[in-house]
Every structure is written in structure tokens, then in C-alpha cells.
Amino acid sequence: MISSRFMNLDLDSPVCQKQSENFDFMNLGTIPEKSSGRILASDLMQTHESRPYSKTENLSLPNLCSLPSEAASCNNQPGKKITKTKQTKAYDKACKAAEAANKKSNRASDCLKNVTTLIDSRLLDAIPNSGNILTQLQHSEMKHSIIVSPIPNSVCWKREKINYHAAEDAICSTSTTVLEDDGLIVLMADQFFTLAQSSICDYVAKVLKSLNKQTLTLVVYGLTTYWKEQSRKDKRRFRDRVSTSTETSKKIGYPLDDDIGFTPADLEILKVKLVLQTECSLWPVETAEELGTVITRITKAVAERPFKDERLERTFDFYAADVSGNVKVSKDGHGLERLWQQQLMQFPLVALETSQAIASRYPSPQALIQAYKTCKNDKEASLLLQDIPVTSIS
């Protein structure tokens, strides 16, 4: 076929002005591309018929092996899929590790590690032996920091929230610091008596606004000592009056100082008033050790509050997330008591000790249901379990 097409060509004709020309078939825009990636010789000949050439022209065919083809691209696809699969597996592994890290950091047993107690420096200067406060915090593995607060003798708390997330095949963490809504103010005894005789509720509202807090705890330092000292002064003044009085036969009443018209009974009434009007609690302490104990207890309560709120919001579900494993019950009934205790623990704020105490009084769900049915009204039913003694497990 090729010889018949070139029979009419004159090979002795003069050469064109271009002495040599490299004819590249790849530059022809009319070459049809086949789906198989091959170029047929017939297609090349049809395209080249319209162009004259001489003996010196190089009829070099292009290297067809270098042409892109679907076969070559298909050969690369499996490698890309394998690489993508490895990246996906690495990302999934990082996601699982990040989720496990978030669960570990949010455990109630590790809640104290994320809370820092902020103590005003003036409080440590005003309290004798204030180093015992810091010692108690250190023994309880609680972090603390000494700052200068807007309100003297105040204590606040901040929480560090760490969130772990996956980034490609690695784990990254972001940390944010949140100030808690709780505050504590330490008042000296003489300062407290002055506020108690005026309007201590207004003082609490002012402190809450200055510290930008929701709840406040008032701690009165040296209250009992102050009462004893004032009592000794009153007795001394009483003896002086008796010795200088000319009417020895006349019965003289007990003199009261104008500043000491505040009795322990008045203190209890003030506690109730503060709770009802400002939701503020009042704690009297006498030593730095007692103050350190109060700060330690409140720190623990602040740290555990999010987890207690979560338990209160949890719906009743027998297969709860915090219950490890299922209780095995044998054919002879062994394990039913533990299963009943586990059912009771699904109610909010019911610990193991409480569930064991209820199960000892009512050994089965049916027994507890029958006891509730015998109650005459809802009030009696709500008080059914209140007298059951609960023994703490050490």
C-alpha cells in the first residue's frame, strides 16, 4: 500500500530551499487520537500527503512509547489508592487517639489537674502562718497562683480546658482558660461585725459585681477569738464599775459594749439571710489551717462541678457509659444482687455505697416497688429511703 502511494513522486526534482527539515508528526493538530493511545500508519500517511518533501527529509516517527496512554495512567492508579488508604488509616488512628485523650483529660479523677486556685497576695500577709494554706494545697495536689485581686483577701479559680483533635496523621491540642463563677472573701472579725450591723448583703452584691462572679463564700477569720477578747474587756469594765460604785447593795446589770451586740444566735440568723438573699455561704475559721481546709474543699467542689452537672442531666439508661462491663448472673442466681445495685447506680448521684444500702433493705426491684405502693401519698413515698443508713467505703 505504501509503494502505490509514492509511485508518482519524482525523486530527481530539485531540493527545496530548506536544506533539511525534521518532520515531527506530533506537531500536527489533525492527527486523530484513538482511545487506545496508538497512532495508525494509515492516519499518518493521509495527513502527510498534502506536504511535499525531498530525499533529505527525515521521516522519523515519534517515539510512541513516550506518548501518554490510558494504560500507563491506569497502571499508576493502584499506587495512588494505596497511598490514600494509608493516609486514611493514619487519620482514623489519630482521631481515635484524640478521642481517647479527650476522655482521659475529662475524667473526674483528673479534674483537679485543670483547676488553679488564685490567691490574693494581701490575704497571705493578713493571716498569721499563711504558709500552711499553700502547704495544704500542695499536699492535695492542687495548683495555685498568687495574684493581686481587685478585692483584697479574695480567692478565685480558673480552669484550663484542653481539646485534642486530629490533624492529618498527628494529634494536636488547643488550650483555653476559663474563669470560674465562684469567689471567696476572707473578712477579719472586726470588719465582719461592722458589716453585720449595717448591710452585709449590699457588700456581697458589690463584691460579686467587682469580681464578676455568680456565687460568693464569706469566711470570717478569728470570730471566736474576737468574741472572747471582747468578753474579757466587758468583764474588766464591769469590775471597774462595781469597785467604784457607792451603791453596793444595788444590783448592777451586765454592761454591753455598743459594738458587741452580736451573739452566736444572731450569726445563725445572718447565715440564713445571706443564703436566701444572696446565695452566699458563711464559714467562721480560727486558724490558717482551718482556712486552708475551707479553700481546699471549695477547690475540689469547683473542680468536680461540671461532672456532677453532667450526671444530673444524664437520662436513665441501664447500659450507661460509666458502667464497666456487664454483670454475669449464674443459673443459681449468683450476681442478681450486684445487678440490682448496678441498676440503682443509674439514678443521678447514687454512688456504690448508697446502692448497697438500698439493696440491703430492699433486695430486689419488686420489693422496692411494693414498698412504694404501700405509701399513702407522694410525700410519704419521697421520704421512704431517707432513714436508710449509708456506710462509706474507705
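Let me sum up the structure you'll find in this document. (Residues numbered from 1 in each chain as written. Predicted model: local features only at pLDDT ≥ 70, side-chain atom pairs only at ≥ 80, totals over all residues. Heavy atoms only, no water.)

Structural notes on the overall build of the protein
- For the protein, the count of helices and strands is 14 helices and 6 strands.
- A buried classification covers 29% of the 394 residues belonging to the protein.
- Intrachain contacts of the protein at a sequence separation of at least 6 include 69% that bridge at least 24 residues. (Helix = DSSP H or I, 4+ residues; strand = E, 2+ residues; numbered from the N terminus. Buried < 20%, exposed > 50% of the residue type's maximum accessible area, 1.4 Å probe, protein only. Contact = heavy atoms within 4.5 Å.)

Regarding the environment of Trp283
- You can see Trp283 is positioned in strand S6 (residues 281-285).
- Taking the C-alpha atoms as reference, Trp283 lies 8.1 Å from Val294; in sequence the two are 11 residues apart.
- Sequence-distant contacts of Trp283, that is, excluding residues within four places in its chain, are made with Thr217, Leu218, Val219, Val220, Val294 and Arg297.
- A polar side-chain atom of Trp283 sits 3.4 Å from a polar atom in the side chain of Ser281. (Polar contact = N/O pair within 3.5 Å; in protein donor to acceptor, adjacent residues only side chain to side chain.)

Let's talk about the packing of helix H6 (residues 189-197) against helix H8 (residues 223-244)
- Packing of H6 against H8 leaves a shortest axis separation of 9 Å and a crossing angle of 85°. One element, H6, and the other, H8, form an angle in the roughly perpendicular class. Contacts between H6 and H8 pair Ala189, Asp190, Phe192 and Phe193 from the former with Leu223, Tyr226 and Trp227 from the latter.
- By residue class, the composition of the contact of H6 with H8 is 6 nonpolar, no polar and 1 charged. (Axes fitted to C-alpha atoms, helices over the stretch in contact; angles between N-to-C directions. Parallel < 35°, antiparallel > 145°, perpendicular 65-115°, else oblique. Nonpolar A, V, L, I, M, F, W, Y, C, P; charged D, E, K, R; others polar.)

A short note on the sheet that holds strand S1 (residues 115-120)
- As summarised here, the arrangement of the 6 strands in space is S2-S1-S3-S4-S5-S6, forming an open sheet in which the pairing is mixed. Whereas interior strands pair on both sides, the edge strands pair on one side only; in this sheet they are strand S2 (143-147) and S6. Direction aside, neighbouring strands of the sheet carry axes that sit 30° apart on average.
- Its contacts with the sheet place helix H7 (residues 200-211) against strand S3 (154-167), strand S4 (170-188) and strand S5 (215-221), and it is angled at close to 120° to S5. (Pairing = 2+ DSSP bridges.)

Let's talk about the pattern of salt bridges
- As enumerated under the stated definition, the model contains 6 salt bridges in all.
- A salt bridge links Asp120 to Arg122; the nearest nitrogen and oxygen atoms lie 3.0 Å apart.
- When salt bridges that share partners are traced, they join Arg159, Glu180, Asp182 and Arg305 into one network. (Salt bridge = Lys/Arg side-chain N within 4 Å of Asp/Glu carboxyl O.)

What to know about the packing of aromatic side chains
- According to the stated counting rule, one finds 3 aromatic pairs in the structure shown.
- An aromatic cluster is present here, built from Phe192, Phe193, Tyr226 and Trp227 joined pairwise through their rings. (Phe/Tyr/Trp six-rings, centres within 6.5 Å; stacked < 30°, edge-to-face > 60°.)

Some details on the environment of Phe262
- Checked against the element boundaries, Phe262 lands in the loop between H8 and helix H9 (264-278).
- Those residues in contact with Phe262 that lie beyond four places of it in its chain are Phe192, Phe193, Ala196, Trp227, Leu267 and Leu270.

Some words on the packing of helix H11 (residues 336-344) against helix H12 (residues 352-361)
- Look at H11 against H12: their axes get within 9 Å of each other, and the N-to-C directions meet at 125°. Taken as axis vectors, H11 and H12 run oblique relative to one another. The way H11 lies across H12 gives a crossing that is right-handed. Counted together, Arg338, Trp340, Gln341 and Leu344 of H11 and Leu352, Ser355, Gln356, Ile358 and Ala359 of H12 form the full contact between these two elements.
- Here the residues of the contact of H11 with H12 are counted per class, giving 5 nonpolar, 3 polar and 1 charged. (Left-handed = near helix turned anticlockwise from the far one by under 90°.)

Topic: a positive patch on the surface
- On the surface, Lys233, Lys235, Arg236 and Arg239 cluster together to form a positively charged patch.
- Tracing the backbone through its elements, the reader meets Lys233 in helix H8.
- A relative accessible area of 32% places Lys233 in the partly exposed class. (Patch = residues over 30% accessible without salt bridge, like charges linked within 9 Å, V, L, I, M, F, W, Y side chains within 5 Å. Areas by Shrake-Rupley, 256 points an atom, 1.4 Å probe, with all protein chains shown as cover. Lys, Arg positive; Asp, Glu negative; His and termini not counted. Charge placed at Lys NZ, Arg CZ, Asp CG, Glu CD.)

Examining H6
- Listing the buried residues of H6 in full gives Ala189, Phe192, Phe193, Leu195 and Ala196. Along the long axis of H6, the arc covered by the buried residues comes to 165°, so they all point the same way.
- Looking at the packing, one finds that the buried side of H6 touches S4, H7, S5, H8, H9 and S6. (Arc of directions from axis to C-beta.)

A few points about the side chain of Asp182
- Mapping Asp182 onto the fold places it in strand S4.
- With a relative accessible area of 12%, Asp182 lands in the buried category.
- Within the structure, Asp182 has its side chain in polar contact with the side chain of Thr215 (distance 2.8 Å).
- A distance of 2.6 Å separates a polar atom in the side chain of Asp182 from a polar atom in the side chain of Arg305.

A look at the pairing of S4
- Here 13 bridges tie S3 to S4, and the two strands are oriented antiparallel to one another. Note that in S4 the partner of Ser154 across the bridge is Ile185.
- Between S3 and S4, which pair antiparallel in sequence order, lie 2 residues; one of them, Glu168, sits at a positive phi of approximately 60°.
- Taken together, the 7 bridges between S4 and S5 define a ladder with parallel strand orientation. Pairing of Ile185 across the sheet is with Leu218, part of S5.

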